[in-house]
Amino acid sequence: MQNSDIDLVNIQFQLNGKPIRLSVRPFDSALAVIRDEIGLTGTKEGCGIGECGACTILVDGKAITACLMLAPQLDGREVQTIEGVAEGDTLHPVQQALLAHGAVQCGFCTPGMVMSAKGLLEANSHPTREEIADALAGNLCRCTGYVQIVDAIEELAGSPRANEAVKR
Amino acid sequence: MSLGVVRSQAIGTSIERRGTRARLRGDTHFAADLNIAGVVTAVVLRSDRPHALIREFDPAAAKSTPGYLGVFTWRDIPGRNRFGIINKDQELLVERKVRCVGDPVALVVAETEEAAQRALSKIRVVYEDLPAVFDPEEALTDAAPRIHEKGNLLGRRVVRRGSPEEALKHSDVVVERTYTTSFVEHAYLEPDAGLAYIDHNDILVVHASTQNPHYDQKDVADLLGLPEDRVRIIQEATGGGFGSKLDLNVQGFVGLAAFLVQRPVRMVYSREEAFLATAKRHPLKIRYKSGANRDGRLTAVDVTIIGDTGAYASYGLAVTSRAAVHATGPYEVPNVSVEAIFAYTNNPMAGAMRGFGVPQMAFAHESQMDLLAAELGLSPLEIRRRNALRIGSQTATGQYLTASVGIGATLDAVASRWEEARVEKQSTRAFVRRGVGIASMIYGIGNTGMQNPSTAQVELGRDGFVTLYSGAADIGQGSSTVLVQIAAEALGLKPDAIRSVIADTAHTTSAGATSASRQTYISGNAVLDAATKLHNVILTEAAMMLKADRGDLELRDGSVFLRSDPGKGVSFKDIAERASRTGLPLKWQGYFDPDTTPLDPETGQGRPYATYAFATHVAEVEVDSLSGEVRVLKVTAAHDVGRAINPLNVQGQIYSGVAMGLGLALMEEFHPGVTESLKDYHIATAADMPAVIPIIVEDPEPTGPFGAKGVGEPALIPTAPAIANAVADALSARVYNLPMNLERVLKAGISVRSAEKEKSCQGY
Ligand code: FES
Ligand code: FES
C-alpha cells in the first residue's frame with residue numbers, strides 16, 4: 001500500500017495483548033490494515049459498509065465494525081481480534097458454547113459473531129434472549145438461522161461461566 | 001448394512017462438525033484470506049448497459065497506470081469463450097454485445113487492487129444501446145429484441161396426465177389465482193473469491209469458493225484450451241453458496257489472468273460486485289387453477305408458469321423442469337396440466353437458488369390449498385391430510401411411491417401445535433391480528449430425470465488409518481462430517497478416526513455438484529459403497545489371518561475381532577501391512593447414481609427422482625394492520641429426512657431454512673438496476689427470528705445410506721407459504737405476491753378493514 005505522495009500516520013496500539021506500531025495511510029480502514037498489513041485474516045469482510053458485522057473486532061472492549069473504522073483511530077486503543085480470543089488450545093467460553101450448540105455452519109460470520117457476543121457479555125454478563133438477539137442483530141448470518149447462536153449465548157449468560165467469559 | 005459391523009453408533013449422533021474449532025478461532029482460510037508471494041490482482045470491467053453492442057474499446061490510457069500488468073478481452077482467451085453448466089451461453093468476456101448490466105467486458109490485471117481499479121477506470125468503451133426487454137412474456141413476443149441468436153425462449157417443460165380440462169369442469173369447487181415472486185439474492189456471507197497460479201508441474205491451480213469443483217475444472221480447462229488434467233481446482237472453505245456458487249464466478253477470471261500474466265492472481269468480489277454479477281432466484285409468475293370435490297379430494301390442477309432467467313441460462317432449465325414437476329405439491333392429483341416456459345430477458349442472470357423453483361411453486365400450491373379448504377369448509381390441516389401422498393400414490397409424473405413417504409407423518413407431527421395455536425391466536429392489541437398458517441412440501445432429491453452420479457474412495461493406509469476421498473464441496477451445510485459418519489458406521493470406526501480429503505480435483509473424483517440436496521443421499525451412498533467394499537476386503541484378510549469364519553468376525557475401533565473369542569483379533573494396521581505385501585489394493589471406489597428415468601418431453605411422465613423429502617411448517621404471525629408489519633412469532637417445522645445422520649446438523653438446516661424462508665416471505669426482493677448492496681437488500685437478522693421448533697421425522701428411505709434422504713433445500717420450502725397462509729388467516733385477505741412487504745400487506749389489510757363488517761365466517 002505504499003504511495004509516495006501520501007503522508008503516512010504513525011500509530012501504536014495493543015493488538016491481542018501485544019503492542020504494535022505501524023504507519024498507515026489516513027484513509028485506510030482498520031479492517032484493511034488488520035487483514036492486509038498485519039495479516040490477521042480471521043476478521044472477515046462481508047460488505048465493507050457496516051451492514052454485515054463480519055469484520056467485528058473489540059476496541060477497548062466494545063464491538064466495532066472494523067470496515068467503518070479508520071486505521072488512525074486505532075491509535076492508543078486496546079484491540080482484540082478473533083485470533084486473540086482463545087487461550088492457546090483452550091477455546092473461550094463463547095467459542096465453546098457455539099461449538100456445543102452446532103452454531104457454526106460455513107463459519108464466515110463466526111469470528112464477527114464471537115466478537116459481538118463477547119462484547120455483549122462484557123457489558124452485560126446476564127443478558128436476556130431478546131437482548132442477545134438485539135446485540136447480534138448487526139451480525140448477519142445466512143446459514144444458521146441464528147437460533148443455535150442465540151441458544152449458545154443464552155445458555156452461557158445464564159450460567160456461572162458468563163462471569164468467566166467476561167474476564168477473558 | 002448386514003456386514004460384520006458392531007454399530008459404531010456414528011449414525012444418528014450429533015458429532016462435532018469438521019473444521020468448526022478452526023472456524024471459531026479465525027484460523028480457517030477462505031479464498032480471500034490466501035496470500036502467496038508475488039500475487040497480483042485481477043478486476044473485471046463490467047457493462048453498465050442492459051443490452052448494447054460494443055462499438056469501441058480503447059484501453060490505451062490504462063497502460064500508463066503504475067502497477068499495470070495487462071488488459072485482456074475475449075480475443076485473449078486461448079480456448080473456447082463459452083461456458084455454463086447446462087447451456088453454454090455465457091462468454092467469459094463478451095465478444096460483441098452485452099446482454100445485461102454487469103456483463104464482463106474486459107479483465108484488468110495489476111500489481112495491487114488499487115492499481116487495477118485505477119487502470120480499469122481509464123478504459124474507454126463506446127456502446128451502441130439496443131432495445132432491451134425486462135419482462136419474460138414480452139421477451140417471447142415476435143417484436144421483442146433478440147437477446148441470444150437462438151431466440152429468447154430458454155425452455156419449456158410440460159407435465160400432463162389424465163383429463164384436467166374435463167375434471168375441472170366437473171369439480172365441485174374450482175379456484176384460480178395468479179401468484180408472483182421476485183428476484184432474490186443469495187447473499188451468502190462470503191463474497192466470491194479465488195486465487196490461481198501455475199505450479200511447478202505446469203498445472204494451473206485455482207483455489208476458489210465453490211460448490212462445484214469438478215465442473216469448474218471442465219469449464220476452466222475449456223476456456224483456456226487446456227486438457228482437464230492441466231487444471232486443478234481446490235475448494236477453499238466456502239462461506240455459503242445456496243446455489244450461486246455452482247456457477248463459474250471468479251474461477252474463469254483468475255485462471256485466465258494467471259495463465260496470461262504467468263503470475264499468481266487473486267480476485268475478491270466486493271459485495272456490490274457479488275450482487276451485480278452473480279445469479280439470482282428466478283422470479284416466477286404462476287397462474288394456478290385447481291379443483292376439488294366436496295369430499296375434499298383434489299380433482300385436477302392446471303398451471304402455467306412463466307420464468308425469467310435473465311440474460312443467461314445458468315441452471316434455468318433445471319428450474320423449469322423442477323418447478324413443473326413439483327407444481328402439484330405433496331398431493332395426489334389425478335388430472336394434471338402444467339406448462340412451464342422460461343425466457344431470456346436483459347435482467348440479471350437467474351440460476352440455482354436453494355430449492356430450484358420449488359419454494360416459489362410451494363407459495364402457489366399451498367395458497368391454493370387454503371383457498372380450496374375455505375371453499376369446502378375444511379380446515380387447512382384436514383384438506384392436506386385428505387390429499388397427502390402416501391405409499392402406493394402416483395405423483396404428477398406417474399411415478400409410484402413405494403417407501404419413505406413421510407408427508408402424513410409431518411402433518412401429524414405439527415397437528416397438536418396447529419390446534420393449540422388456533423385456539424391461542426386471539427390478539428389483545430387493537431389493529432394487531434394474529435394468524436396461523438400451515439404449509440407442506442415435497443422435494444425430489446438429486447437432479448431431475450437425469451444421471452447425476454457421485455463417486456468416492458475409501459482407503460486403508462499402511463498406518464492402519466482410513467481416509468475418505470470425496471469431491472463433494474462442503475459449503476457450510478456439513479456434508480464432510482456426514483460422509484465421514486457414513487464411512488465410520490460402515491467400518492466400525494469412530495468418526496474421529498477417519499481422515500478426509502475433500503473437493504480437490506487432484507485427489508478426489510467427481511461427486512457432482514453440491515446442489516439439489518443430493519450430497520447426503522447420493523454421495524453418502526457412494527461413500528457407503530466404497531466403505532462396504534473395503535469392509536469386505538478387511539473381513540476376507542482377517543478371516544485368513546485369524547483362520548476364522550468370516551461370519552464370526554466383527555469390526556470395531558480399527559480391529560477385527562472374533563465374536564466367539566473376543567480376546568482374539570487383528571488390527572487394521574496388521575491387515576494393511578499384509579495386504580500391501582501381497583499387492584492387494586486397499587483403496588476402493590464407490591459409485592452411486594439414483595434410479596431415475598428421463599421425463600417424456602411431451603407429457604413429462606417418468607421417474608424424475610429416486611426419493612423425495614417431505615415437510616410441513618406451521619407459522620404463527622402477528623400482523624399490524626395499520627403499518628403492514630408482520631412479525632413471525634413461531635414456526636413449528638416437521639421434516640421427513642429419512643434418517644438424521646447428524647441430528648444437530650439437521651436442526652441447523654431447519655433453522656437456516658426458516659430464516660431464509662422468512663426473508664423470502666417478507667423482505668427479500670432484488671430490484672435489477674436498483675439494488676446494490678446489503679444497504680438496500682435485507683435478510684433476516686437474529687432479531688427477526690421467531691421461536692423455531694424443529695421436529696425430525698424419520699421414515700427411512702430403503703435406498704438411502706442408513707435410510708437418509710436430504711434436508712438442505714426442503715428446510716426452506718414450506719416457510720414462506722406457511723407465513724403467507726398465516727397472514728391470510730390474520731387479515732382474512734391474501735397477498736399473492738412475494739415478498740409480502742409492508743405495502744402489500746397494508747393493501748390487503750385495507751381491503752379487509754373496509755369489508756370488516758361482513759367478516760363473520762372465520763372458522764373453517
Ligand atoms: S464488512 Fe464490516 S460490516 Fe460488513
Ligand atoms: S455460518 Fe455461514 S454465514 Fe453464518
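Residues numbered from 1 in each chain as written. Chains lettered and ligands numbered in written order. Predicted model: local features only at pLDDT ≥ 70, side-chain atom pairs only at ≥ 80, totals over all residues. Heavy atoms only, no water.

**Q** Any chance you could explain the sheet that holds strand E20 (residues 466-470) of chain B here in plain terms?
**A** Strands in a sheet are paired, the pairing made by backbone hydrogen bonds, and the direction either parallel or antiparallel. Residue and element names in this part refer to chain B. Spatially, E21-E20-E19-E25 is the arrangement adopted by the four strands of the open sheet, whose pairing is mixed. In the strand order of this sheet, the two ends are held by strand E21 (498-502) and strand E25 (587-592), each with one partner. Strand after strand, the sheet turns through a mean of 20° between neighbouring axes, direction not considered. In the sheet, strand E19 (residues 454-460) pairs with E25 via six bridges, with the strands oriented antiparallel. The residue bridging glutamate 459 from the neighbouring strand is lysine 587, located in E25. Strand contacts of helix H13 (residues 519-546): E19, E20 and E25, with the helix running at about 145° to E25, the strand carrying the most contacts. (Pairing = 2+ DSSP bridges. Helix = DSSP H or I, 4+ residues; strand = E, 2+ residues; numbered from the N terminus. Axes fitted to C-alpha atoms, helices over the stretch in contact; angles between N-to-C directions. Contact = heavy atoms within 4.5 Å.)

**Q** Can you help me understand the packing of helix H3 (residues 110-123) of chain A against helix H4 (residues 129-136) of chain A in this one?
**A** To describe two helices that pack against each other, one gives the angle between their axes and the distance between the axes. Residue and element names in this part refer to chain A. Interhelical geometry of H3 versus H4 gives an angle of 130° and a closest axis separation of 9 Å. When the axis of H3 is compared with that of H4, the two are oblique. Classified by chirality, the crossing of H4 by H3 is right-handed. Facing Met113, Ser116, Ala117 and Leu120 of H3, the residues of H4 in contact are Glu131, Ile132, Ala135 and Leu136. In the contact of H3 with H4, the residues fall into six nonpolar, one polar and one charged. (Parallel < 35°, antiparallel > 145°, perpendicular 65-115°, else oblique. Left-handed = near helix turned anticlockwise from the far one by under 90°. Nonpolar A, V, L, I, M, F, W, Y, C, P; charged D, E, K, R; others polar.)

**Q** Before we go on, may I ask you to explain the packing of aromatic side chains in this structure?
**A** The description of two aromatic rings rests on the distance between their centres and on the angle between their planes. All names here are of chain B. Within this structure, the stated rule accounts for eight aromatic pairs over all chains. The interplanar angle of 80° and the centroid separation of 5.5 Å between the aromatic rings of tyrosine 179 and phenylalanine 363 together place this pair among those described as edge-to-face. Placement of the pair is tyrosine 179 in strand E8 (residues 173-180) and phenylalanine 363 in helix H9 (residues 358-376), with a sequence separation of 184 residues. When its relative accessible area of 0% is taken as the criterion, tyrosine 179 is described as buried. Residue classification places phenylalanine 363 among the buried positions, given a relative accessible area of 0%. Members of the aromatic cluster, each reached through a chain of ring pairs, are Tyr179, Phe363 and Tyr736. Geometry around tyrosine 188 places lysine 245 over its ring, the cationic atom sitting 4.1 Å from the centre. Over the ring of tyrosine 469 we find lysine 587; its NZ or CZ atom is 4.0 Å from the centre of that ring. (Phe/Tyr/Trp six-rings, centres within 6.5 Å; stacked < 30°, edge-to-face > 60°. Buried < 20%, exposed > 50% of the residue type's maximum accessible area, 1.4 Å probe, protein only. Lys NZ or Arg CZ within 6 Å of the ring centre and 35° of its normal.)

**Q** I tried to follow helix H14 (residues 572-582) of chain B on my own but got confused; where do I start?
**A** Each α-helix turn comprises 3.6 residues. Residues three or four places apart therefore point the same way. All names here are of chain B. Residues of H14 that are buried include every one of Phe572, Ile575, Ala576 and Ala579, and no others. Down the axis of H14, the smallest arc covering the buried residues is 100°, so these residues share one side. Looking at the residues trailing H14, positive phi occurs at glycine 583, about 80°. (Arc of directions from axis to C-beta.)

**Q** Looking at this structure, how should I read the pairing of strand E27 (residues 630-640) of chain B?
**A** Within a regular beta strand, the side chains point alternately toward one face of the sheet and then the other, so they alternate between its two faces. All names here are of chain B. Within E27, eight of the eleven residues are buried, which leaves it mostly tucked inside the rest of the structure. Bridging between strand E26 (residues 612-624) and E27 involves ten bridges; their strand directions are antiparallel. The residue of E27 that forms the bridge with threonine 616 is alanine 638. As paired strands, E27 and strand E28 (residues 691-697) are joined by seven bridges and run parallel to one another. By the bridge assignment for E28, valine 635 is matched with valine 692. The parallel pair E27 and E28, bridged by helix H15 (residues 647-666), forms a crossover whose chirality is right-handed. (Right-handed = clockwise from strand over helix to strand, strands pointing away.)

**Q** What's the story with the confidence of the model for chain B in this structure? I'm lost.
**A** Regions with low pLDDT should not have their predicted coordinates read in detail. All names here are of chain B. Mean pLDDT over chain B: 96, with 97% of residues reaching 70 or higher. Scored below 50 in pLDDT, residues 757-764 makes twelve contacts in the model with residues more than four places away or belonging to other chains. On the interface metric, ipTM, the complex scores 0.96, and its pTM is 0.96. (pLDDT = per-residue confidence, 0-100.)

**Q** What am I meant to see in the side chain of B:Gln457 here?
**A** Residues and elements named next belong to chain B. Tracing the sequence through the fold places glutamine 457 in strand E19. Taking relative accessible area as the criterion, glutamine 457 reaches 7% and is therefore assigned buried. Setting aside anything within four residues of it in sequence, one finds glutamine 457 in contact with Thr467, Leu468, Tyr469, Thr509, Ala530, Lys587, Trp588 and Gln589.

**Q** What is the right way to look at the interface of chain A and chain B in this model?
**A** Many descriptions give the size of an interface as the accessible area lost when the pieces come together. In this complex, chain A contributes 48 residues to the contact, which on the side of chain B involves 51 residues. Both sides together, the interface formed by chain A and chain B hides about 3700 Å², and carbon and sulfur atoms give 59% of it. When the buried surface of chain A facing chain B is broken down by residue, A:Leu99, A:Gln105 and A:Arg142 rank first, second and third, together holding 21% of it. Remark: the boundary between chain A and chain B carries five salt bridges. (Buried area = accessible area lost by both parts, 1.4 Å probe. Salt bridge = Lys/Arg side-chain N within 4 Å of Asp/Glu carboxyl O.)

**Q** Explain empty space enclosed by the protein to me, please; I cannot follow it from the model alone.
**A** Regions of empty space are outlined by a rolling probe, equal in size to a water molecule, passed over the atoms. All names here are of chain B. Following the criterion strictly, the structure yields six cavities of 30 Å³ or more and no others. Surrounding the largest cavity, 40 residues form its lining, Gln477, Ser517, Gln653, Val711 and Gly712 being those nearest its centre. The set of elements that each furnish at least two residues to the lining of the largest cavity consists of helix H12 (479-491), H13 and H15. Grouping the amino acids of the lining of the largest cavity by side-chain chemistry returns 15 nonpolar, 20 polar and five charged. In this structure, the second largest cavity occupies an estimated 230 Å³ of space. For the second largest cavity, the lining is made up of 21 residues, of which Arg46, Gln90, Pro104, Ala277 and Met349 are closest to its centre. Looking at the lining of the second largest cavity residue by residue, the classes come out as 13 nonpolar, four polar and four charged. When residues of the lining of the second largest cavity are assigned to domains, at least three map to each of domain 2 (34-130 + 187-277) and domain 3 (132-186 + 279-387). (1 Å grid on protein atoms, 1.4 Å probe; cavity = no way out; pocket = protein on both sides within 12 Å on 5 of 7 lines; lining within 4 Å. Points joined across faces, edges and corners; volume = space filled by probe spheres on them. Domains from an automatic or database assignment.)

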